[in-house]
Amino acid sequence: MRTSGGDVVTGVEIGELNDTAASLRRWVSEQLQARGYCVSSDGIDGWYALGGDAGSRHYFRFTLTGAVPITMLAVWAPPRTEKNTEFLQIANIMREQGVAVPEIIAFDMHLGFFIIEDLGTESLLEKLNGDTANTLYPLVFDQLLKIQTISAAENPLPRYDGAFLLREMQLFREWFLEALLNVELDSDAVQMLDDLFAILVENALAQPVVVTHRDFHARNLIYRGEQPPGVIDFQDAVAGPITYDLVSLLKDCYIAWPRPQVVEWVQLYCEFAWQKGLLSREVDEESFIRWFDWMGLQRHIKVAGIFARLHLRDGKSGYLNDVPRVLAYIMDTASAYPEFDALHRWLTTQLQPVIAQQTWGLHD
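Predicted model only: the values in this text are computed from it and were never measured.

Here we take up the overall build of the protein. From N to C terminus, the protein includes eleven helices and nine strands. The C-alpha atoms of the protein give 21 Å as radius of gyration, which agrees with the globular expectation for 364 residues (21 Å, within 12%). Projected onto its principal axes, the C-alpha coordinates of the protein cover approximately 70 × 45 × 40 Å. In the protein, which comprises 364 residues, the proportion classed as buried is 50%. Within the protein, counting contacts between residues at least 6 apart in sequence, those at least 24 apart form 71% of the total. For the protein, the accessible surface area stands at approximately 16,800 Å², while carbon and sulfur atoms represent 49% of it.

To continue, consider the sheet that holds strand S1 (residues 45-49). Ordered in space as S1-S2-S3-S5-S4, the five strands form an open sheet in which the pairing is antiparallel. Each end of this open sheet is capped by a strand with a single partner; those strands are S1 and strand S4 (104-108). The sheet shows a mean angle of 20 degrees between the axes of neighbouring strands, taken without regard to direction.

Within the secondary structure layout, leucine 50 lies in the loop between S1 and strand S2 (58-64). Assessed through its relative accessible area of 26%, leucine 50 is described here as partly exposed. Residues leucine 50 and threonine 135, spaced 85 residues apart in sequence, show a C-alpha to C-alpha distance of 28 Å. Apart from the residues lying within four places of it in its own chain, the contact partners of leucine 50 are Tyr59, Arg61 and Leu73.

Reading the values: the criteria
Sequence order as written defines residue numbering, which begins from 1 separately in each chain. For a predicted model such as this one, the threshold for reporting local features is a pLDDT of at least 70, and the threshold for listing and counting side-chain atom pairs is 80 or more; totals across whole chains, interfaces and linings nevertheless cover every residue. Hydrogen atoms and water are omitted, and side-chain values are computed over all heavy atoms in the structure. Secondary structure elements follow DSSP: runs of H or I of four or more residues count as helices, runs of E of two or more count as strands, with numbering from the N terminus. We take the radius of gyration over the C-alpha atoms and set the globule estimate at 2.2 Å times the residue count to the 0.38 power. Burial classes follow relative accessibility: with a 1.4 Å probe on protein chains only, a residue under 20% of its type's maximum area counts as buried, one over 50% as exposed, and anything between as partly exposed. Pairs of residues are marked as contacts when any of their non-hydrogen atoms sit within 4.5 Å. Per-residue and other accessible areas were derived by the Shrake-Rupley procedure at a 1.4 Å probe size, with only the shown protein chains allowed to occlude residues. Paired strands are those between which DSSP finds at least two bridges. Axis definition: a line fitted to C-alpha atoms, over the contacting stretch in the case of helices. Angles run 0 to 180 degrees between N-to-C directions.

Next comes the structure, spelled out in structure tokens:
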């Protein structure tokens, strides 16, 4: 079975998925009837599966008919693999702060069943282009700043600490270099990467700590016209560096913008962050952009490893089409800062010839 995005359904057997989808549909009908919703004699109308994501969650959109039809989402999030408690807790925290996350209408933590608000049918990625971006990104900043002004102290979240950051970057070695490309690192390359990872961890830990979504990009934002976009996929939120979500958004793995435009948006965000008190005026734009670029290098090194793992372990090969964009971000940053000269030389002389032989990533 494949999702609408073309990736193989993983994590469960097809029979289990079909049986659970039927059970979920019955549960949804019972829950809505118990809450006074008008459910037709035939049960739920217009029930259909949506495309999958990088996790093991399965989504179904359905309609309640009536004077004003209402669409909702039913979710099966297998408890053995998904962070359902975190999803519920963080959704409540964010909604209290005014973040446009979906309302959770009903849930069963044992089964991993949820009924949630349907924020819309189009991701922000589908609407972003050269004509719309300058209007849409400020709306996104509004949501990002609301997330970042949540008190990390009053709402304890896992800390995005040095060990966490380093584990993520090791995915690049394990899954991208060794497993996908079959690259054997010599002692010089090992030392270069060790030194690089240490620098990037130090950069991340020097930044102000805020509530961090960790996957704040255009595919996880729902277009809602002139309203701020809806925010989804927030269950991995942590207390982390202030630039991390901004990097996810403006150096998006699924869409790229010219560097001058990115810098303008970063400057606009800085002004908002200064006004909100999230960023000290002692941190000037040049320093912040350096934080931003170096944080991007950490994220894209990690993502290259994750995309390779999704392909090799989970059978979700569509992500390989986005690897060239991720590698371009890495190369651009490596070439822009003298601190990364060794990385740039290694990428140019050792890695690029190997990548040039690959057949993946030829089509966006």
